[in-house]
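Reading the structure
In case you want the letters, here they are:
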Amino acid sequence: MSMADPVGNDTSEALAGWQGLLQSIVDQSPAAIHVKDRQGRYLLVNRRFEEMHRLRACEIVGKTDAALFPPEQAARRRILDQAVLARGCAQEDEEASAIEDDPSTFLTVRFPLLGAQGRAAAICGMSTDITERKRAEDALRRSEEEYQSTVEDALEGIFRVSLQGQMLTANPAFARMLGYEWVDELLDRMTDVRRQLYVRPQERDLIMSALLERGTVEGCELQLRRKDGSSLWVAISTRLVRDAGGQPLLVETFASDISERKRVEAELKRHQDHLADLVAERTAELTQAKEQAEVANHAKSAFLASMSHELRTPLNGVLGFAQILQTDPNLTQRQRLGLQTIQRSGEHLLALINDILDLAKIEAGKVDLVEAPVQLSEFLRVVADIVRVKADEKKVRFRCDTPADLPAAVRTDERRLRQVLLNLLGNAVKFTDQGEIRLRVTQLDRGSGTALLRFEVEDTGVGIDAEHLETIFLPFEQVGQAARRASGTGLGLAISRQLVRAMGGDIRVQSHAAQGSRFWFDIRLSVVGQQLPDGAAYAEVVGYEGRRRRVLVADDVPANRAVLTDLLGSLGFVVDEAEDGEALLARARMACPDLVIADIVMPRLDGVQATQHLRRTPSLEAVPVLLVSATVSASDAERHVAAGANAFLPKPIDVRQLLQRVGDLMELHWTHAPPA
Ligand code: ADP
């Protein structure tokens, strides 16, 4: 090695210059440097070495390790030094700091310094502080160990595959999933996962292309092939692992066994499909049953309608003539009473027919309330009269209490209210053998055109056990003695409760066995301000003012026509008759009537159809039409009125109502007989 003179002086000076220069280079070095002779005595140390050992150069130079450091350390260094001398080449060694509380680690490179004959004359050591690097390496190793143990213990299958498809690692869970006993066996076999592991290899292709694009693929469900050839459903999450330079290195995959879930899903699907089949089957059955039921229901409605018509038509004749005959001023007292009895009995019979027919309707939940003004005292008198007869038969007293403050007239469905009261009173009579039965009506509240009325039926009869107080309202529920039960159906209270509920109230009961019962209900009714002309007033109608009016009466039953012809004829009307809708139209064309009264149910052309024809005939379109029928409900009536009729009356016809309508429709002023 040639050296230039650093300071340009003579040789000894030059040497000293070089020494100084070298010393300063050595001192500036970040590595700790020392030089020892063959015997291990320190010849030179730099500043970093001093710091590292917390000693000054003068304390070190000339001494051996044995004099400076603990015996094991000194011995270790001596052995390393001798190895360098013996081999004549550099050696690396990691050593902990010689200072007790210093955690540093150093990497020392020892190499021989060759003398004149090429023999190692001294040893140089250069130590660098690798504490930080060691720490990072330790942390990495620990985390690698932790990862390994996590992977080993995981229940999830974890495996790594090279980009070429060789399985690199797998945990025991994954090996078990695939039916291998040992991980190594799995790794040995899996050299091409695409073909060997994936049931559908194209799925692996898709995953790989997604990985290269996005880096991860989550929650992908697919089937893997097991050792025995069977397949296994797994959900996988997989990621592409890259090297430090960002190049794809391998694919790491987490797989969970979802075969049980898939099995349950398949089972569920099978059940759902089966259920859907069952539902479809059942729906078809139900549709058929519904259609059959509708046909049956239609037949039942038709039967009820015709029964209703058949029963009411003859009653119409009976009641109509009874009413007309009562207007004859020449009747004897006996005849008058007889006619009243015919009328009362007929009305009762009519009510019974209506109740039987209603039963079917109420059971079907179709409660039509037809409200009209009702004279309360008259209404209660009729109810009381009926009950009194029955009570008298059993020799039980009957009282009807109606205080004077009751409204004179209210709007209600007279027939339904009567039905409820007759049911409660009928029961009271039936279940009472001695003592008294009481009907009491009281006004609980009155205001803004309405009155809250309480209807109460009390008896001193057999009473009802507390446990039966609610069940008696259920259909077909009867309690008490068999003999008494036989005379009823067990439907009365069920129907009554529904009717009262439809009226906005509810039936309550209080009873004690052997002491008697009290049934009551409260309903709010609107009060009718104006007094209705009562039956007597109409009975005195003898005619009308002005020109003679022509009325066309259409009904297929001659007796019904006769009732109306008789009544209207006696009041001065010209009455034409027609036996069906077609005859009605023909008559009307011949002589235009001032009013048409037509039955709805007629052969060939019924009342509604005839009305529609009239409305389409220019000369007859304005003729008022009053439809009558024994078969229609209130809602039907509204429909018929909407179809062109001007008014509707139920059969049997009430004379008072008939005259009221007839008068209204032709705008008549009735003339009355002078008071007797
Ligand atoms: P029915 O009277 O036709 O049997 P209801 O529905 O009217 O049917 O009455 C049901 C049952 O309630 C009767 O069978 C009877 O046991 C009991 N019940 C009703 N009213 C009375 C009463 N006033 N006193 C004693 N028991 C009664």
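Now for a description of the structure that goes with this document.

About the thresholds
- Residues numbered from 1 in each chain as written.
- Predicted model: local features only at pLDDT ≥ 70, side-chain atom pairs only at ≥ 80, totals over all residues.
- Heavy atoms only, no water.
- Helix = DSSP H or I, 4+ residues; strand = E, 2+ residues; numbered from the N terminus.
- Buried < 20%, exposed > 50% of the residue type's maximum accessible area, 1.4 Å probe, protein only.
- Contact = heavy atoms within 4.5 Å.
- Areas by Shrake-Rupley, 256 points an atom, 1.4 Å probe, with all protein chains shown as cover.
- Pairing = 2+ DSSP bridges.
- Axes fitted to C-alpha atoms, helices over the stretch in contact; angles between N-to-C directions.
- Parallel < 35°, antiparallel > 145°, perpendicular 65-115°, else oblique.
- Left-handed = near helix turned anticlockwise from the far one by under 90°.
- Nonpolar A, V, L, I, M, F, W, Y, C, P; charged D, E, K, R; others polar.
- Phe/Tyr/Trp six-rings, centres within 6.5 Å; stacked < 30°, edge-to-face > 60°.
- Lys NZ or Arg CZ within 6 Å of the ring centre and 35° of its normal.
- Patch = residues over 30% accessible without salt bridge, like charges linked within 9 Å, V, L, I, M, F, W, Y side chains within 5 Å.
- Salt bridge = Lys/Arg side-chain N within 4 Å of Asp/Glu carboxyl O.
- Expected span 1.5 Å × (residues − 1).
- Arc of directions from axis to C-beta.
- Core = buried A, V, L, I, M, F, W, Y, C linked by side-chain atoms within 4.5 Å.
- Polar contact = N/O pair within 3.5 Å; in protein donor to acceptor, adjacent residues only side chain to side chain.

Now for the overall build of the protein chain. Assigned secondary structure in the protein chain consists of 22 helices and 24 strands. Of all 676 residues assigned to the protein chain, the portion counted as buried reaches 41%. By sequence separation, contacts in the protein chain at least 24 residues apart represent 58% of the contacts at least 6 residues apart. Accessible surface, the protein chain: about 36,900 Å² in total, of which carbon and sulfur atoms supply 54%.

The antiparallel open sheet is built from 5 strands, whose spatial order is E2-E1-E5-E4-E3. Each end of this open sheet is capped by a strand with a single partner; those strands are strand E2 (42–45) and strand E3 (91–96). The mean inter-strand angle of the sheet, taken between neighbouring strand axes irrespective of direction, is 25 degrees. Its contacts with the sheet put helix H5 (residues 71–87) on strand E1 (32–37), E2, E3, strand E4 (105–114) and strand E5 (120–129), and the angle it makes with E3 is roughly 175 degrees.

This brings us to the packing of helix H19 (residues 581–590) against helix H20 (residues 607–616). Across the interface, H19 lies against H20 with an axial gap of 9 Å and an inter-helix angle of 30 degrees. Taken as axis vectors, H19 and H20 run roughly parallel relative to one another. For the pair H19 and H20, the sense of crossing is right-handed. For the pair H19 and H20, the contacting residues are Gly581, Leu584, Leu585 and Ala588 in the first and Ala610, His613 and Leu614 in the second. Across the contact of H19 with H20, the residue classes break down as 5 nonpolar, 2 polar and no charged.

Looking now at the packing of aromatic side chains. This model, assessed by the stated rule, comprises 6 aromatic pairs. Their ring planes at 50 degrees and their centres at 5.7 Å tell us that Tyr42 and Phe49 sit as a pair that is tilted. Take Phe49: its relative accessible area is 1%, and that puts it in the buried class. Pairing Phe159 with Phe174 gives two aromatic rings, centres 4.1 Å apart and planes at 15 degrees, and the pair type is stacked. Here Phe174 lies in helix H7 (residues 172–177) and Phe159 lies in strand E6 (residues 157–162), a separation of 15 residues in the sequence. Given a relative accessible area of 0%, Phe174 falls into the buried group. Members of the aromatic cluster, joined through ring pairs, are Tyr544, Phe573 and Trp670. Note that Arg77 overlies the ring of Phe69, its terminal NZ or CZ placed 4.5 Å from the centroid. The ring of Phe473 carries Arg497 above its face, with NZ or CZ at 3.8 Å from the centroid.

Turning our eyes to something else, we now look at the sheet that holds strand E19 (residues 550–554). Strands sit in the order E20-E19-E21-E22-E23 across an open sheet of 5 strands; the sheet is parallel. The sheet is open, and its two borders are formed by strand E20 (574–578) and strand E23 (647–650), each paired with just one other strand. Across the sheet, the mean angle separating the axes of adjacent strands is 20 degrees when strand polarity is ignored. Here strand E22 (residues 625–629) runs beside E23; their pairing, made up of 4 bridges, is parallel. What sits directly across from Val628, in E23, is Leu649. Of the strands in this sheet, E19, E20 and strand E21 (595–599) are in contact with H19, which crosses E20 at around 140 degrees. Strand contacts of helix H22 (residues 655–666): E19, E21, E22 and E23, with the helix running at about 170 degrees to E23, the strand carrying the most contacts.

A cluster of nonpolar side chains, contributed by Leu21, Leu22 and Ile25, occupies part of the molecular surface with about 270 Å² of accessible area. Locating Ile25 in the fold gives a position in helix H1 (residues 11–28).

Before going further, it helps to spend a moment on helix H18 (residues 558–570). Taking 1.5 Å per residue, 13 residues should reach 18 Å; H18 reaches 18 Å between its end C-alpha atoms and fits that length. Of the residues making up H18, those classed as buried are Asn560, Arg561, Val563, Leu564, Leu567 and Leu568. With its buried residues spanning 155 degrees around the axis, H18 presents them on a single face. The outward face of H18, more than 90 degrees from its buried face, is lined by the exposed residues Pro558 and Ser570.

Before going further, it helps to examine the nonpolar core. The nonpolar side chains of a soluble globular protein tend to be buried, and buried together. Counting residues in hydrophobic clusters, the biggest one holds 44 residues, and the most contacted among them are Leu380, Leu421, Leu425, Phe455, Phe519 and Phe521. Elements supplying a minimum of two residues to this core: helix H13 (376–393), helix H14 (414–430), strand E14 (436–447), strand E15 (450–459), helix H16 (492–502) and strand E17 (516–527).

Taken as a whole, this structure holds 56 salt bridges when the rule is applied. Here Asp37 ties to Arg41 by a salt bridge, and the two come within 3.3 Å at their closest N and O atoms. The buried category is assigned to Asp37, whose relative accessible area is 12%. Assessed through its relative accessible area of 38%, Arg41 is described here as partly exposed. The salt bridge involving Glu267 is made with Arg270; its shortest N-O contact spans 3.0 Å. Remark: Arg270 and Glu267 occur in helix H11 (residues 259–326); sequence separation between them is 3 residues, near one turn of the helix. Each of Lys36, Asp65, Arg76, Arg77, Asp81, Asp93, Glu95 and Arg110 takes part in salt bridges that share partners, so that together they form one network.

Glancing now at unusual backbone geometry. Residue Arg54 is not a glycine yet carries a positive backbone phi of 50 degrees. Here Arg54 lies in the loop between helix H2 (47–53) and helix H3 (57–60).

Where H13 meets H14, the closest approach of the two axes is 10 Å, and the angle between their N-to-C directions is 25 degrees. Accordingly, the angle class assigned to the pair H13 and H14 is roughly parallel. Judged by the twist between their axes, the crossing of H13 over H14 is right-handed. Residues Phe379, Leu380, Val383, Ile386, Val387, Lys390 and Ala391 of H13 form the contact with H14, whose own contacting residues are Glu414, Leu417, Arg418, Leu421, Leu422, Leu425 and Val429. Grouping the constituent residues of the contact of H13 with H14 by class yields 11 nonpolar, no polar and 3 charged.

When you line up the elements, Thr450 lands in strand E15. Among the polar contacts listed, one links the side chain of Thr450 to the side chain of Arg524, at a separation of 2.9 Å. Apart from residues no more than four positions distant in its own chain, Thr450 is found in contact with Asp445, Arg524, Leu525, Ser526 and Val527.

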